[in-house]
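Coordinates in review
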Amino acid sequence: MGQIIDGKALSLQVKDEVKAEVPALEEKYGRKPCLVVIIVGENPASQVYVRNKVKAAEYTGMESRLIELAESISEEALLGIIRDLNDDDSVDGILVQLPLPSHIDEEKVIDTIAREKDVDGFHPGNVAGLWLGKDCIVPCTPDGIMRLIDSTGIQLKGKNAVVVGRSNIVGKPVAKLLLDRHATVTIAHSRTADLGAVCRTADVLVVAVGKAGLVTGDMIKPGAVVIDVGMNRNQEGKLCGDVDFPSAAEVASYITPVPGGVGPMTIAMLMKNTIRCFLSRNKE
Ligand code: GUN
């Protein structure tokens, strides 16, 4: 039976690191870092996520603001709010929770957030920075995944890493971070032929597709580290990941649970990114 990687405990450690930093930042710069979270509409999952993001910010002692907007808000009005926040010197981080209603162009929204306040690391400037190996804001979920992998003590250099999923939020950036650590990286996806065979090559397997129970124990190399990014509801309404936990845990050396794995780490890394934005803005 593999060991469970406790994302909740690790996220608390990261949040405590941030919490310890905030008073010194306030002392030095005369104000606390400030994160603004925007939610549009009433997607229940998004509401839970943003509530947890604001709660985490409160825990660390930084300033935070939640802006709740009606589903019917126009794209132009949302962009106007973002531009005002870009110009507001008391704001360090701006996060617009995705997905957005279909009448709003997500790309335009991401492009409008000032790069130096882009705590999600989704702005094209930050994406380019990541792929060019420059100092930049790294997306929270991939950054959290790397902390979870590192907590196992595995040395990534020369290992085979397989990432299942190719989203801009998780799959692509985590593949780049694994590459930076000298792993040999394969990106698999919904059209990959014989997904099981590809997954079985993985010493580290990251699954981020949003399909409950897609990866089963027979698709995992014995002793692999398994990171489950999925956040699905099964027929009984219970939260579950993309990995079939019982069968996978039999084979893996380490495995993240859902809930309590990647989710809390994403939020903890958002706190870190807010501090980074605060510091880089104060250096200017
Ligand atoms: N929706 C799901 N994950 C994320 C995330 O990391 N950031 C934002 N802004 N929206 C999301």
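These figures come from a predicted structure and were not determined experimentally.

The rules behind each value
As a convention, each chain's residues are numbered from 1 in the sequence order in which they are written. Note on the predicted model: pLDDT of at least 70 is required for a residue's local features to be given, and 80 or more for side-chain atom pairs to be given and counted; whole-chain, interface and lining totals, by contrast, use all residues. Note: side-chain values were computed over all heavy atoms of the structure, leaving out hydrogens and water. Every definition here rests on a 1 Å grid over the protein atoms only: cavities are sets of points where a 1.4 Å probe fits but cannot get out, pockets are open sets enclosed by protein on both sides within 12 Å along at least five of seven lines, and lining residues have some atom within 4 Å of a point. Grid points are joined across faces, edges and corners, and a volume is the space filled by probe spheres set on the points. Where helices and strands are cited, they refer to DSSP runs of H or I of at least four residues and of E of at least two residues respectively, numbered from the N terminus. When residue character is reported, Ala, Val, Leu, Ile, Met, Phe, Trp, Tyr, Cys and Pro are called nonpolar, Asp, Glu, Lys and Arg charged, and the others, Gly included, polar. A side-chain nitrogen of Lys or Arg and a carboxyl oxygen of Asp or Glu constitute a salt bridge if their distance falls within 4 Å. Under the scheme applied here, a residue whose accessible area is under 20% of the maximum for its type counts as buried, over 50% as exposed, and between as partly exposed, the area being computed with a 1.4 Å probe on protein chains only.

The next point concerns the layout of surface pockets. In this model, the largest pocket occupies a volume close to 1,400 Å³. Lining the largest pocket are 50 residues, with Y49, Q97, M231, G263 and T266 sitting closest to its centre. Those elements giving two or more residues to the lining of the largest pocket turn out to be helix 1 (7-29), helix 2 (44-60), strand 4 (93-96), helix 6 (140-150), strand 9 (232-233) and helix 10 (262-283). Approximately 350 Å³ is the volume attributed to the second largest pocket. Lining the second largest pocket are 18 residues, with I110, F122, V127, N168 and I169 positioned closest to its centre. Contributing elements (two or more residues each) for the lining of the second largest pocket: helix 4 (106-112), helix 5 (124-132) and helix 7 (171-180). Sort the elements by how many residues they give to the lining of the second largest pocket and helix 5 lands first, with five residues. Tallied by class, the residues present in the lining of the second largest pocket amount to ten nonpolar, four polar and four charged.

Turning to the pattern of salt bridges, a few remarks are in order. Under the definition given, this model contains twelve salt bridges. For R147, the salt bridge is made with E17, and the minimal N-O distance between the two is 3.1 Å. With a gap of 130 residues between them, R147 in helix 6 and E17 in helix 1 connect regions that are remote in the sequence. Assessed through its relative accessible area of 26%, R147 is described here as partly exposed. Its relative accessible area of 32% is what places E17 among the partly exposed residues. A salt bridge links E17 to K272, with the shortest nitrogen-to-oxygen separation between them at 2.8 Å. Of this pair, E17 sits in helix 1 while K272 is found in helix 10, placing the two residues 255 residues apart along the sequence. For K272, a relative accessible area of 22% gives the class partly exposed.

Counted according to the given criterion, the structure contains one cavity of 30 Å³ or more. The calculated volume of the largest cavity comes to roughly 70 Å³. Around the largest cavity, the lining residues are I94, V96, L98, V109, I110, I113, D118, D120, F122 and H123. Residue assignment for the lining of the largest cavity shows that the elements contributing at least two residues are strand 4 and helix 4. The residue inventory of the lining of the largest cavity, partitioned by class, reads seven nonpolar, one polar and two charged.

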